[in-house]
Amino acid sequence: MQRWKTFTYHPCAYGPPNKRLISVSTIFQKIISGDIPSDILHQDESCIVIRDIEPQAPVHFLVIPKKVIPRVGDADYEDQQILGHLLLIAGKIAKQEALSAGFRVVINHGQNGGETVPHLHVHVLGGRQMKWPPG
Ligand code: AMP
């Protein structure tokens, strides 16, 4: 099976790559490349942190790897360092955003998980009391 190694994604986010369809960049690739503006909180060689455009809490930012990994379940052992880095940066930016009272870290995987952008990203939400179970 062809693997999603390149800066492309299949418009049917949950299906296998299909060569008959045109590959396009995800919105996050366009943000990483600077083609689309965003409110950037942090950037380093392997990730970018932006404020979510539709915040679900007073503070809501996304930690996005520059490497295109469609979703967490598609990550491989070679991605271990990047995965760890995303959480480390999530915690550091949460501190920077004064979320000392607590925050929630969310990764949506696939249709049932509520994923809408097929480029791995870690949501960090804070500034209000979170509920459990989540919706
Ligand atoms: P998910 O539903 O887990 O795939 O999360 C995708 C997130 O990306 C949603 O919370 C969107 O609000 C957010 N989003 C989509 N487009 C943009 C954008 N241009 N800038 C910032 N956040 C975005």
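Source: prediction; values computed, not measured.

Student: Got a minute to help me understand the environment of histidine 123 in this structure?
Tutor: Structurally, histidine 123 can be placed in strand β5 (residues 122-126). Of the residues examined, histidine 123 has 19 C-beta atoms within 10 Å and is grouped as partly exposed. Sequence separation between histidine 123 and arginine 104 is 19 residues, and the spatial gap between their C-alpha atoms is 7.9 Å. Non-local contacts of histidine 123, meaning those with residues more than four positions away in its chain, are made with His60, Leu62 and Val106.

Student: Sorry, what's going on with the nonpolar core here?
Tutor: General note: in soluble globular proteins, nonpolar side chains tend to be found buried as a group. One finds Cys47, Ile48, Val49, Leu62, Val63, Ala90 and Val124 to be the most contacted residues of the largest nonpolar core, which totals 20 residues. Elements supplying a minimum of two residues to this core: α1 (27-33), β2 (47-51), β3 (59-65), α2 (80-96) and β5. Those residues in contact with valine 124 that sit more than four places away from it in its chain are Phe61, Val63, Ala90, Ile93, Ala94, Phe103 and Val105.

Student: Please explain the confidence of the model for the chain as it appears in this structure.
Tutor: Low pLDDT marks stretches whose predicted atomic positions should not be read closely. Confidence in the prediction of the chain, expressed as mean pLDDT, is 88, and 83% of residues score 70 or more. Confidence over residues 1-21 falls short of pLDDT 50; this stretch has 25 contacts with residues more than four positions distant or in other chains.

Student: What should I look at first to understand the environment of glycine 73 in this one?
Tutor: Mapped onto the elements of the fold, glycine 73 is located in the loop between β3 and α2. Of the residues examined, glycine 73 has 11 C-beta atoms within 10 Å and is grouped as exposed. Sequence separation between glycine 73 and histidine 109 is 36 residues; the distance between their C-alpha atoms is 7.2 Å.

Student: So what exactly am I meant to see when it comes to unusual backbone geometry here?
Tutor: If a residue is not glycine, its phi is most likely negative; likewise, a peptide bond is most likely trans. Going from tryptophan 132 to proline 133, the amide bond is cis rather than trans, its omega being 5°. Positionally, proline 133 belongs in the segment after β5. The backbone phi angle of alanine 98 is positive, close to 60°, even though this residue is not glycine. Structurally, alanine 98 is set in the loop between α2 and β4 (103-106).

Student: Can you walk me through the sheet that holds β5 in this structure?
Tutor: Sheets are built from strands that pair by backbone hydrogen bonding, the pairs being arranged parallel or antiparallel. Strand order in the open sheet formed by five strands is β1-β2-β3-β5-β4, with antiparallel pairing between adjacent strands. The sheet is open, and its two edges are formed by β1 (40-43) and β4, each paired on a single side. Along the sheet, successive strands turn relative to each other by an average axial angle of 15°, direction set aside. In terms of strand pairing, β4 meets β5 through four bridges, oriented antiparallel.

How each quantity is defined
Residues numbered from 1 in each chain as written. Predicted model: local features only at pLDDT ≥ 70, side-chain atom pairs only at ≥ 80, totals over all residues. Helix = DSSP H or I, 4+ residues; strand = E, 2+ residues; numbered from the N terminus. Buried ≥ 20, exposed ≤ 12 C-beta atoms within 10 Å, placed from the backbone. Contact = placed C-beta atoms within 7 Å. Core = buried A, V, L, I, M, F, W, Y, C linked by C-beta atoms within 7 Å. pLDDT = per-residue confidence, 0-100. Pairing = 2+ DSSP bridges. Axes fitted to C-alpha atoms, helices over the stretch in contact; angles between N-to-C directions.

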